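Take a look at the letters that make up each chain.
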Amino acid sequence: MRLAMTPDIDLDEEARPPADRSWGRKFADALRGVKIAFRSEINFFVHFFVAVIAGVAGGIVTMTDERWCIYILCVTVVLAAELFNTAIERLARAVTREEHPEIRDALDIAAGAVLMTSIGAGIVGVLMIGWPFVAQLAR
Ligand SMILES: Nc1ncnc2c1ncn2[C@@H]1O[C@H](COP(=O)(O)OP(=O)(O)OP(=O)(O)O)[C@@H](O)[C@H]1O
């Protein structure tokens, strides 16, 4: 596949990671990605904050192990979608800073993925934690 645009990337050989990275190095690089998203993306922080609030409410309503697994899965899916979205945003900025209809589509689709996972997780959260929490308060 050929790129339609010339990416404005400095292909410095020394900046490239070694081809035979150790598992420790791979893990450290992946963790660096999570840290970057956490520090630079307010959306990532907001999702994490909402997840913590839901987790505290889940602890108050004392959920079953199965419900905790569903909660962890929902949080993981939303945060992973946010990480992919952030990665695509960074890549788009590296390719061009100019207006481009396909970059716009790509960024909007990536943001749409975050929106879909957030709506799904939100519905699960309300049904699984929100209602039981309100019911417990009303008792
Ligand atoms: N190079 C571009 N060409 C065309 N449209 C663009 C371009 N860059 C950004 N956009 C449009 O602007 C929107 C926001 O861009 P971007 O995702 O980079 O900003 P952001 O504020 O970091 O977004 P988010 O809040 O999702 O993190 C995109 O969804 C897209 O519609």
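Residues numbered from 1 in each chain as written. Predicted model: local features only at pLDDT ≥ 70, side-chain atom pairs only at ≥ 80, totals over all residues. Heavy atoms only, no water.

Side note on the overall build of the protein chain
Along the backbone of the protein chain there are 4 helices and 0 strands. Mapped in sequence order, the helices and strands of the protein chain form the string α-α-α-α. Residues counted as buried form 19% of the 139 residues belonging to the protein chain. Long-range contacts, defined as pairs at least 24 residues apart, comprise 71% of the intrachain contacts of the protein chain with a sequence gap of at least 6. Carbon and sulfur atoms make up 67% of the accessible area of the protein chain, which totals about 10,700 Å². (Helix = DSSP H or I, 4+ residues; strand = E, 2+ residues; numbered from the N terminus. Buried < 20%, exposed > 50% of the residue type's maximum accessible area, 1.4 Å probe, protein only. Contact = heavy atoms within 4.5 Å. Areas by Shrake-Rupley, 256 points an atom, 1.4 Å probe, with all protein chains shown as cover.)

Thoughts on the site of the ligand
In the vicinity of the ligand, the residues found are E41, N43, N85, E89, R93, E98, E99, H100, I103, R104, L107 and D108. N43 places a side-chain nitrogen or oxygen 3.3 Å from an oxygen atom of the ligand. H100 is positioned with one of its backbone polar atoms (N or O) 2.9 Å from a nitrogen atom of the ligand. In the complex, the protein chains occlude 62% of the 620 Å² of accessible area that the ligand would expose alone. Broken down by secondary-structure element, the contributors of at least two residues to the shell around the ligand are helix 3 (65–95) and helix 4 (101–138). If you tally residues by element for the shell around the ligand, the top one is helix 4, at 4 residues. Considered class by class, the residues forming the shell around the ligand number 2 nonpolar, 3 polar and 7 charged. (Near = heavy atom within 4 Å. Polar contact = N/O pair within 3.5 Å; in protein donor to acceptor, adjacent residues only side chain to side chain. Nonpolar A, V, L, I, M, F, W, Y, C, P; charged D, E, K, R; others polar.)

Side note on a nonpolar patch on the surface
Judged by side-chain polarity, L115, I119, I123, V126, L127, W131 and V134 come together as a nonpolar surface patch covering roughly 710 Å² of accessible area. Its place among the elements puts I123 in helix 4. (Patch = residues over 30% accessible without salt bridge, like charges linked within 9 Å, V, L, I, M, F, W, Y side chains within 5 Å. Salt bridge = Lys/Arg side-chain N within 4 Å of Asp/Glu carboxyl O.)

Structural notes on the UniProt feature "binding site: substrate" (unreviewed entry) in the protein chain
When the UniProt feature table is mapped to this numbering, "binding site: substrate" (unreviewed entry) covers E82. Assignment of secondary structure puts E82 in helix 3. E82 sits in the buried class, given a relative accessible area of 1%. Residues in contact with E82, not counting those within four places in the same chain, are N43, F44, H47 and V114. Polar contacts involving the side chain of E82 include one to the side chain of H47, which spans 3.2 Å. (UniProt positions renumbered as here; feature names shortened; annotations may be inferred.)

Considering the packing of aromatic side chains
Aromatic rings considered in pairs are described by the distance between their centres and by the relative angle of their planes. What the rule picks out here adds up to 4 aromatic pairs. Ring centres of F38 and F45 lie 5.6 Å apart, and the angle between their planes is 85°; on these two criteria the pair is classed as edge-to-face. On the basis of relative accessibility, which here comes to 29%, the residue F38 falls in the partly exposed class. Seen from their ring centres, W68 and Y71 are 5.4 Å apart, and the 85° between their planes marks the pair as edge-to-face. Here the residue W68 and the residue Y71 both occupy positions in helix 3, the gap between them amounting to 3 residues, near one helical turn. For W68, a relative accessible area of 26% translates into the label partly exposed. In this structure Y71 comes out as buried when scored by relative accessible area, which is 14%. Cluster of aromatic residues (ring-pair linked, three or more members): F38, F44, F45 and F48. Its guanidinium or amino end placed over the ring of W23, K26 lies 4.5 Å from that ring's centre, counting from NZ or CZ. (Phe/Tyr/Trp six-rings, centres within 6.5 Å; stacked < 30°, edge-to-face > 60°. Lys NZ or Arg CZ within 6 Å of the ring centre and 35° of its normal.)

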